[in-house]
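Structure assessment
Spelled out, the chains give:
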Amino acid sequence: MSFNLTKEQLNIKTRARDLASSIVATNAAEVDKTEQYPWDNVKALTEAGFVGMTIPREFGGPGCNFLEANLVVEEMAAYCGPTGRIAVEVNMGAISAVMHYGTDFQKRLAADLVLSGDKPAICITEPEAGSAASQMTTRADKQGDKYIINGKKHWITGGGVSRLHLIFARVFDENGIELGIGGFLAVRGEAEGLKLGAREPTMGLRGIPETELIFEDLEVAENMVLMPPSGFKRGFADLMNAYNSQRVGAGTVALGLAVGAYRNALEFAQEREQFGRPIAEFQGLQWMLADMSVQIEAARSLLHNAALSAGHNGSPFPDPTLAAQGKIFTSEMALKVTTDALQVFGARGYSRNFPMERLARDARMFTIGGGTAQILRTVVASRILGMKLPQTRDGFSQLAEETAAKKNLQAAE
Ligand code: FAD
Ligand code: COA
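These remarks concern the structure in this document. (Residues numbered from 1 in each chain as written. Chains lettered and ligands numbered in written order. Predicted model: local features only at pLDDT ≥ 70, side-chain atom pairs only at ≥ 80, totals over all residues. Heavy atoms only, no water.)

1. Some points on the overall build of the protein chain
Check the secondary structure of the protein chain and you find 12 helices and 10 strands. Each principal axis of the C-alpha atoms in the protein chain carries an extent, and together these give about 80 × 60 × 40 Å. Expressed as a percentage of the 413 residues in the protein chain, the buried residues total 53%. For the protein chain, restricting intrachain contacts to residue pairs at least 6 apart in sequence, the fraction spanning at least 24 positions comes to 72%. Summing over all exposed atoms, the protein chain offers an accessible surface of approximately 19100 Å²; the carbon and sulfur share of this is 52%. For the protein chain, the separation between the mean place of its 42 positive charges and that of its 47 negative charges on side chains is 3 Å. (Helix = DSSP H or I, 4+ residues; strand = E, 2+ residues; numbered from the N terminus. Buried < 20%, exposed > 50% of the residue type's maximum accessible area, 1.4 Å probe, protein only. Contact = heavy atoms within 4.5 Å. Areas by Shrake-Rupley, 256 points an atom, 1.4 Å probe, with all protein chains shown as cover. Lys, Arg positive; Asp, Glu negative; His and termini not counted. Charge placed at Lys NZ, Arg CZ, Asp CG, Glu CD.)

2. Re a positive patch on the surface
Together, Lys 233, Arg 234, Arg 383 and Lys 388 line one region of the surface with positive charge. As for its placement among the helices and strands, Arg 383 is situated in helix α11 (residues 373-385). Arg 383 sits in the partly exposed class, given a relative accessible area of 48%. (Patch = residues over 30% accessible without salt bridge, like charges linked within 9 Å, V, L, I, M, F, W, Y side chains within 5 Å. Salt bridge = Lys/Arg side-chain N within 4 Å of Asp/Glu carboxyl O.)

3. Comments concerning the site of ligand 2
Taken together, 20 residues lie near ligand 2, and Ser 131, Ser 134, Tyr 243, Arg 247 and Lys 388 sit nearest. Within the side chain of Ser 134, a nitrogen or oxygen atom sits 2.5 Å from an oxygen atom of ligand 2. In the environment of ligand 2, an oxygen atom lies 3.3 Å from a nitrogen or oxygen atom belonging to the backbone of Gly 371. Protein coverage of the free-state accessible area of ligand 2, which is 920 Å², stands at 73%. Going through the elements one at a time, α7 (235-271) and α11 are the ones with two or more residues in the shell around ligand 2. Among the elements that take part in the shell around ligand 2, α7 stands out by supplying seven residues, more than any other. When the residues that make up the shell around ligand 2 are grouped by side-chain class, the tally is nine nonpolar, seven polar and four charged. (Near = heavy atom within 4 Å. Polar contact = N/O pair within 3.5 Å; in protein donor to acceptor, adjacent residues only side chain to side chain. Nonpolar A, V, L, I, M, F, W, Y, C, P; charged D, E, K, R; others polar.)

4. Topic: the nonpolar core
One finds Phe 50, Met 76, Phe 168, Phe 184, Leu 218 and Val 344 to be the most contacted residues of the largest nonpolar core, which totals 119 residues. Counting residues per element, this core draws most heavily on α7, which supplies 17 residues. Excluding its chain neighbours within four sequence positions, the residues that come into contact with Leu 218 are Tyr 147, Ile 148, Ile 149, Ile 167, Ala 186, Ala 191, Glu 192, Gly 193 and Leu 194. (Core = buried A, V, L, I, M, F, W, Y, C linked by side-chain atoms within 4.5 Å.)

5. A few points about the site of ligand 1
Not every one of the 19 residues close to ligand 1 is listed here, only the nearest: Thr 125, Ser 131, Trp 155, Thr 372 and Gln 374. Interatomic distance of 2.8 Å between a backbone N/O atom of Ile 124 and an oxygen atom of ligand 1. Contact between ligand 1 and Thr 372: an oxygen atom at 2.7 Å from a side-chain N or O atom of the residue. For ligand 1, whose free accessible area comes to 970 Å², the fraction covered by protein is 67%. Looking at the shell around ligand 1, the elements that each hand over two or more residues are β1 (121-123), β3 (146-157) and α11. For the shell around ligand 1, the class distribution of residues is eight nonpolar, nine polar and two charged.

6. Structural notes on the packing of helix α4 (residues 81-89) against α7
Put simply, α4 and α7 touch, their axes get as near as 9 Å, and they point 155 degrees apart. In this view, α4 runs roughly antiparallel relative to α7, as classed from their interaxial angle. Seen from above, α4 lies across α7 with right-handed handedness. Within the contact between the two elements, α4 uses Gly 81, Gly 84, Arg 85, Val 88 and Glu 89 and α7 uses Gln 246, Gly 249, Ala 250, Val 253 and Leu 257. (Axes fitted to C-alpha atoms, helices over the stretch in contact; angles between N-to-C directions. Parallel < 35°, antiparallel > 145°, perpendicular 65-115°, else oblique. Left-handed = near helix turned anticlockwise from the far one by under 90°.)

7. Re helix α10 (residues 356-363)
With respect to burial, α10 is a largely interior element, eight of its eight residues being buried. Three or more residues of α10 are buried, namely Met 356, Glu 357, Arg 358, Leu 359, Ala 360, Arg 361, Asp 362 and Ala 363. Against the buried residues of α10 lie α1 (7-34), α3 (66-79), α4, α7 and α9 (320-344).

8. So, the pattern of salt bridges
Taken as a whole, this structure holds 21 salt bridges when the rule is applied. Salt bridges sharing partners connect three or more residues here, namely Lys 13, Arg 17, Glu 75 and Arg 263.

9. Focus: the side chain of Thr 338
Residue placement: Thr 338 occurs in helix α9. A polar side-chain atom of Thr 338 sits 2.6 Å from the main-chain carbonyl oxygen of Ala 334. A distance of 3.4 Å separates a polar atom in the side chain of Thr 338 from the backbone oxygen of Leu 335. Those residues within four positions of Thr 338 in sequence are excluded, and the remaining contacts are Leu 257, Ala 258, Ala 261, Leu 359, Ala 360 and Ala 363.

10. Things to note about α3
The terminal C-alpha atoms of α3, which comprises 14 residues, lie 21 Å apart, in line with the 20 Å expected from a rise of 1.5 Å per residue. Here α3 lies mainly inside the structure; 13 of its 14 residues are buried. (Expected span 1.5 Å × (residues − 1).)

11. Quick look at the packing of aromatic side chains
Under the criterion given, the structure shown has seven aromatic pairs. Ring geometry for Phe 268 and Phe 345: centres 4.2 Å apart, planes at 15 degrees, overall stacked. With Phe 268 in helix α7 and Phe 345 in the loop between α9 and α10, this pair connects stretches of sequence that are 77 residues apart. Assigned by exposure class, Phe 268 and Phe 345 land together as buried. The side chain of Arg 139 reaches across the aromatic face of Phe 172, ending 3.7 Å from its centre. (Phe/Tyr/Trp six-rings, centres within 6.5 Å; stacked < 30°, edge-to-face > 60°. Lys NZ or Arg CZ within 6 Å of the ring centre and 35° of its normal.)

What follows is the structure, given as structure tokens:
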């Protein structure tokens, strides 16, 4: 049900569904099989105005909000997970960070690339810094009017395909003093020292490369530093705040995959007959289908709410708690719904000739990438308890000492 959407939003949804159910649906199995980036779908998204949707009008975009972009994401993902993910990355994450923190020069550069179909890459994770992203070691050293970046990232979505890169790195001044974590923009093909490493052989979402990226004396001019409002010192927090839009987007891809699986199961259950009657007449399956519909509606409400929180919470990005709650719930829901929907198909669900196993494989990712379901629970817990919850031993010990000292002081007063 979409009764709370405006006429324009319903129009976006309908147009997106038309596109998704035609070209995107036709390509989906092939994209999975060949593991090729779906350039035809990117072209179709670009022509339909579904890339750069959140880019403001002054930079050539339509100035849509995150909810509107997510309507497109859900429709794409219902037929093709990789295309859903592309719809996220051309509308959220790196592009929204640039549109809110960037200079006019950076906004124009990013807008031109994205509006012509480039899916930016966001480069945070390192081999030794996954969940503990703030422990990254990639460094950017100031040298005159530029920064020199050295380090290695992995699991970068779109490595070798994306042109615009937003690289998170530890920043050092000319005296080697650390200033914090910053964001650096680099364009593949123009920046020397941005090297492509190995591609991961992934379980699902195979149409998008996940690769290593190696920075070897990558030179980034000062005008390509994406400086968040509170500078390098709080750069990590500000960049992660922008990343909340991507978490809502990732949750929406999981939602779309669940929707696709559910729709297929609903149709199949009414067609397939056993014991002389449609399997949809068996209560065992009716309740599975009913549960799927409940889970999907609940997930969609959470994500729409999270998307709409942007701009209403003192930040242009979705609220961190709502984004985390939405992604936890939806990513876990999608595992259950895609598995149950596969079950409704019986052996056909297990066959690569039908889409169910692909949807289930694609859905498996979302409790991992973009902040695991465990880490996001810690984010939620920290915020609902109003407590810092450091995960390192040192951080925890320091907090315990500070808390004890505070208690002693209070007792002495
Ligand atoms: P680890 O951090 O090593 O975690 C291993 C396990 O330990 C997990 O179950 C985790 O939940 C658990 N764990 C760790 N710490 C805690 C804790 N404190 N409390 C409880 N449990 C904990 N990264 C990018 O920068 N850019 C991308 O474009 C990108 N795309 C990705 C695409 C895909 C398909 C995937 C799978 C990953 C992608 N990532 C990307 C990386 C992703 O963000 C990381 O995989 C994720 O943050 C987890 O890091 P890790 O894999 O190193 O797991
Ligand atoms: N939105 C807004 N602010 C955020 C944030 C988010 N999603 N994540 C972290 N921050 C802020 C924190 O509130 C904190 O600010 P404070 O000092 O005012 O309290 C600051 O950033 C540092 O966060 P903290 O949780 O203290 O950092 P940590 O060193 O313990 O690291 C994280 C934990 C943030 C790395 C971990 O929670 C996380 O998100 N890991 C997953 C990384 C990820 O999603 N990678 C995806 C790559 S595509």
